[in-house]
Amino acid sequence: MSGGSWEHPDIVAEREAQEAERRERRDIMLGAYATEWAERHPNNRRTGRPLSPKSVHERTRMLRQAGTKGPNDPGGPLSELLDLKLGEVTTARVAACHAAGIETGKRTQTSRAYELLEPIMKEALAEGLIDVNPCVVVGGKSQRTGIEIAPPRSDAEFEKLLEEMPDEYKALVVVFAAAACRFGEAVDLRADDITALRDWEGEIEYVAVTIDSQVQIIDGIVHQILPKAESVRSVIVSGEDAEIIAERVEGRTGRERLFPARTDPSRPLSRSTFDRHYDRARKAAGMPNTRPYDLRHFAGTRYAQTGATLKEIMARLGHSSPSAALRYQHDADEARRIELATKAGRKRRMNKV
């Protein structure tokens, strides 16, 4: 005691118990630890808001053990690591798992799985359960599918696509391309989300589309949540696009869905039903690579070409960052490039008399 090295037996016992618990925790399997981690982190790491049902479903899928859904179930993209102790999840094994995922061609899924694994191992390191974070794959989170974004490059191309769509779904395509709605936002629109303004002759001047919710369908259950990034907004649509949307609203009132399921008007139109008709239309229009989501890129590009500021584009598309909005702006066709160049060119000054 006089030398300062004595400790109370209770303190020594508590420290030894903590060390024993830590040693035991170091033997925990990654799958069990990842489950604990997910329960401790029910919110989005960047925004702090609760994860959406789709995000929860995706996280669960990523961490699914092999054989969960039957003997031939390969499990999620991280399944080969889940039965390893935390200390056995080495840099080499993580790199091999990532490379194997890339080899399958599922580049986006692989990058998202790595993006999930990295904070899990970072927290294990902070707890002293591992000596080094094995997630050091260069560009591990930046791998993307490489699918070309192919929005219509002119109004004429879009009109050709629209002509090939069945009348029942024309307004939905316009909502993508003019109001810049995401699919879940579009199919959750109700009659009273549309406000039409008419001129003195009764013609539609514009419509205001209120986007304040979206749906996610997980395992057949419809979840209604806020739009992505909580981007509640009102989008003004004019011209022929406004007329098409207003026509869709006619005969519908209140909270009646604009785009209901074929068999149950209380449910939103399913993605599979829409895709079946849209796939035929885009091929017939000679635009086989133009996906429904590419029409949001078309909307962002057209709005930018009107002279809208970046902040205005972000508000219209429901983006929370300038970088996201910039990804939705694309080059125009030759005729539009000539038009823009003509506007930008210096004009010849007339000689004074």
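Below is a short write-up of the structure. All of these numbers come straight from a predicted model, not from anything done at the bench.

1. Here's the deal with the pattern of salt bridges
And then number 1: Going through the model one piece at a time under the given rule, you end up with 20 salt bridges.
And then number 2: Between Glu123 and Arg40 there is a salt bridge, and its shortest N-O distance comes to 2.9 Å. In this pair, Glu123 sits in helix H6 (residues 107–126) while Arg40 sits in helix H2 (residues 30–40), placing the two residues 83 residues apart along the sequence.
And then number 3: Relative accessible area serves as the criterion here: at 21%, Glu123 is assigned to the partly exposed category.
And then number 4: Across the pair Arg233 and Glu185 runs a salt bridge, and its minimum N-O distance is 2.9 Å. Of the two residues, Arg233 sits in strand S5 (residues 233–238) while Glu185 sits in helix H9 (residues 183–186), which places them 48 residues apart along the sequence.
And then number 5: The class of Arg233 is buried, set by a relative accessible area of 7%.
And then number 6: Beyond isolated ion pairs, a larger network of salt bridges with shared partners links Glu36, Arg40, Glu123 and Glu127.

2. Observations concerning a negative patch on the surface
And then number 1: A grouping of Glu159, Glu163, Glu164, Glu201, Glu203, Glu240, Glu243, Glu247 and Glu250 is seen on the molecular surface, where their side chains present a negatively charged patch.
And then number 2: Listing elements by their share of the negative patch, those giving two or more residues are helix H7 (155–164) and helix H10 (239–249).
And then number 3: Turning to its location among the elements, Glu163 is positioned in helix H7.

3. Remarks on the sheet that holds strand S2 (residues 204–211)
Sheets are built from strands paired through backbone hydrogen bonds, the pairs being either parallel or antiparallel.
And then number 1: Strand order in this open sheet of 3 strands is S1-S2-S5, and the pairing throughout is antiparallel. Edge positions in the sheet fall to strand S1 (194–198) and S5, since each has one partner strand and no second. Ignoring strand direction, the axes of neighbouring strands in this sheet form an average angle of 20°.
And then number 2: Here S1 runs beside S2; their pairing, made up of 5 bridges, is antiparallel. Pairing of Thr195 across the sheet is with Ala208, part of S2.

4. A word on the nonpolar core
And then number 1: Grouped together as the largest cluster of nonpolar side chains are 43 residues, with contacts concentrated most on Val207, Val209, Val237 and Phe274.
And then number 2: Taken together, the elements giving at least two residues each to this core come down to H7, helix H8 (167–178), H9, S2, S5, H10, helix H11 (271–284) and helix H12 (294–305).
And then number 3: The biggest single contributor to this core is H8, with 9 residues.
And then number 4: Apart from residues no more than four positions distant in its own chain, Val207 is found in contact with Ile194, Thr195, Ala196, Val235, Ile236, Val237, Ala242, Ile245 and Ala246.
And then number 5: One finds Tyr33, Ala34, Leu86 and Leu117 within the second-largest nonpolar core, a separate group that totals 26 residues.

Conventions we followed
Here, residues in each chain are numbered from 1, in the same order as that chain's written sequence. Confidence filtering applies because this is a predicted model: local features only for residues at pLDDT of at least 70, side-chain atom pairs given and counted only at 80 or more, and all residues used for totals across whole chains, interfaces and linings. Only hydrogens and water are removed before side-chain values are computed, so all heavy atoms of the structure are retained for them. One speaks of a salt bridge when a side-chain nitrogen belonging to Lys or Arg is within 4 Å of a carboxyl oxygen belonging to Asp or Glu. In this text, helices come from DSSP runs of H or I with a minimum length of four residues, and strands from runs of E with a minimum of two, each type numbered from the N-terminal end. Summary of the burial criterion: residues with accessible area below 20% of their type's maximum are buried, those above 50% are exposed, and those between are partly exposed, where the area comes from a 1.4 Å probe applied to protein chains only. Residues qualify for a patch when their relative accessible area is over 30% and they have no salt bridge, like charges being joined within 9 Å and the nonpolar side chains of Val, Leu, Ile, Met, Phe, Trp and Tyr within 5 Å. Each accessible area is a Shrake-Rupley estimate made with a 1.4 Å probe; only the visible protein chains count as cover when residues are assessed. This count recognises Lys and Arg as positive and Asp and Glu as negative, with His and chain-terminal groups excluded. Every charge is mapped onto a representative atom, which is NZ of Lys, CZ of Arg, CG of Asp or CD of Glu. A pair of strands is labelled paired if DSSP reports no fewer than 2 bridges between them. Fitted lines through C-alpha atoms serve as axes, helices being fitted only where they are in contact, and the angles separating the N-to-C directions of these axes extend from 0 to 180 degrees. Side-chain atoms within 4.5 Å are what join buried Ala, Val, Leu, Ile, Met, Phe, Trp, Tyr and Cys residues into a set we call a nonpolar core. Any two residues whose heavy atoms approach within 4.5 Å are treated as being in contact.

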